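A structural walkthrough
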Amino acid sequence: MKMMKEFREFAMKGNVVDMAVGIIIGGAFGKIVSSIVSDIIMPPIGVLIGGVNFTDLKIIIKHADIDSLGNITSPAVAINYGTFIQTSLDFIIISFVIFMMVKGINSLRKSEIETQTPIPSEPTPSKEEVLLTEIRDLLKNNR
């Protein structure tokens, strides 16, 4: 029973709950970014490069073995370098999209902070500082 109480206290700490919320939101955000890349950004890039589908690019090391009935007895062995190229392009595009989104959010925050914080005015000197300044000036003039 004591172990369950300790676990409940641990699970209900603020940082654990915050982390769980962050992971859930991060997963949803990842889906949004992946959709932006695959559904919005990659189709025009595919048209620009002549409709090449990178995932189809591969070097076949050994062809698949097919028996007389047409069944595959052993699959083909291939180096799928096109998948690597596609994954690398996806990473670069996703990184750039996230960078632009974070940059936009930071600029919004910065402008919001600038409008909220008042510009500090010149501090007014205290009575003692005014009196000491007058004494200093009188001593300079008497020399």
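Treat the numbers as computed from the prediction; the structure is a model and nothing was measured. (Residues numbered from 1 in each chain as written. Predicted model: local features only at pLDDT ≥ 70, side-chain atom pairs only at ≥ 80, totals over all residues. Heavy atoms only, no water.)

With respect to the overall build of the protein chain
Regarding its fold elements, the protein chain presents four helices and four strands. The secondary structure elements of the protein chain, listed N-terminal to C-terminal, are α-α-β-β-β-β-α-α. Relative to a compact globule of 143 residues, whose C-alpha radius of gyration would be 15 Å, the protein chain shows 33 Å and is clearly more extended. Its C-alpha atoms give the protein chain principal-axis dimensions of about 120 × 60 × 25 Å. For the protein chain, buried positions account for 7% of its 143 residues. Between the averaged position of the 14 positive side-chain charges in the protein chain and that of its 15 negative side-chain charges there is a distance of 6 Å. (Helix = DSSP H or I, 4+ residues; strand = E, 2+ residues; numbered from the N terminus. Rg over C-alpha atoms; globule rule 2.2 N^0.38 Å. Buried < 20%, exposed > 50% of the residue type's maximum accessible area, 1.4 Å probe, protein only. Lys, Arg positive; Asp, Glu negative; His and termini not counted. Charge placed at Lys NZ, Arg CZ, Asp CG, Glu CD.)

Considerations on the environment of Met42
Structurally, Met42 can be placed in helix 2 (residues 14-48). Residue Met42 is classed as buried on the basis of its relative accessible area, which comes to 13%. Spatially, the C-alpha atoms of Met42 and Asn80 are 19 Å apart, while their sequence positions differ by 38 residues. Each residue touching Met42, except ones within four places of it in the same chain, is listed here: Val37, Gln86, Asp90 and Ile93. (Contact = heavy atoms within 4.5 Å.)

Details of helix 4 (residues 127-142)
Helix length check: helix 4, at 16 residues, gives a terminal C-alpha distance of 23 Å against a target of 22 Å (1.5 Å per residue), a fit within 8%. Helix 4 sits mainly on the outside: zero of its 16 residues count as buried. (Expected span 1.5 Å × (residues − 1).)

Some points on the pattern of salt bridges
Should the charged atoms of two oppositely charged side chains come close, the side chains can pair. Evaluated as defined, the whole model comprises two salt bridges. Residues Asp65 and Lys62 are paired through a salt bridge, measuring 3.4 Å at the closest nitrogen-oxygen approach. Between Asp137 and Arg136 there is a salt bridge, with its nearest N and O atoms 3.3 Å apart. Using a relative accessible area of 33% as the deciding quantity, one classes Asp137 as partly exposed. Arg136 gets classed as partly exposed once you look at its relative accessible area, which sits at 45%. (Salt bridge = Lys/Arg side-chain N within 4 Å of Asp/Glu carboxyl O.)

A look at a nonpolar patch on the surface
Residues Ile59, Ile61, Val77, Ile79, Tyr81, Phe84 and Ile85 make up a contiguous nonpolar surface patch of roughly 650 Å² in combined accessible area. Of all the elements in the fold, those that place two or more residues in the nonpolar patch are strand 1 (59-62), strand 4 (77-79) and helix 3 (81-116). With three residues, helix 3 is the single largest residue contributor to the nonpolar patch. (Patch = residues over 30% accessible without salt bridge, like charges linked within 9 Å, V, L, I, M, F, W, Y side chains within 5 Å. Areas by Shrake-Rupley, 256 points an atom, 1.4 Å probe, with all protein chains shown as cover.)

Some remarks on the confidence of the model for the protein chain
Confidence in the prediction for the protein chain averages 82 pLDDT; 97% of positions are at 70 or higher. Between the elements of the protein chain, mean pLDDT differs from a low of 79, seen in helix 1 (residues 2-11), to a high of 92, seen in strand 1. (pLDDT = per-residue confidence, 0-100.)

Quick look at the environment of Gly22
Turning to its location among the elements, Gly22 is positioned in helix 2. In this structure Gly22 comes out as partly exposed when scored by relative accessible area, which is 42%. Taking C-alpha positions, Gly22 is 43 Å from Pro123, a pair spaced 101 residues apart along the chain.

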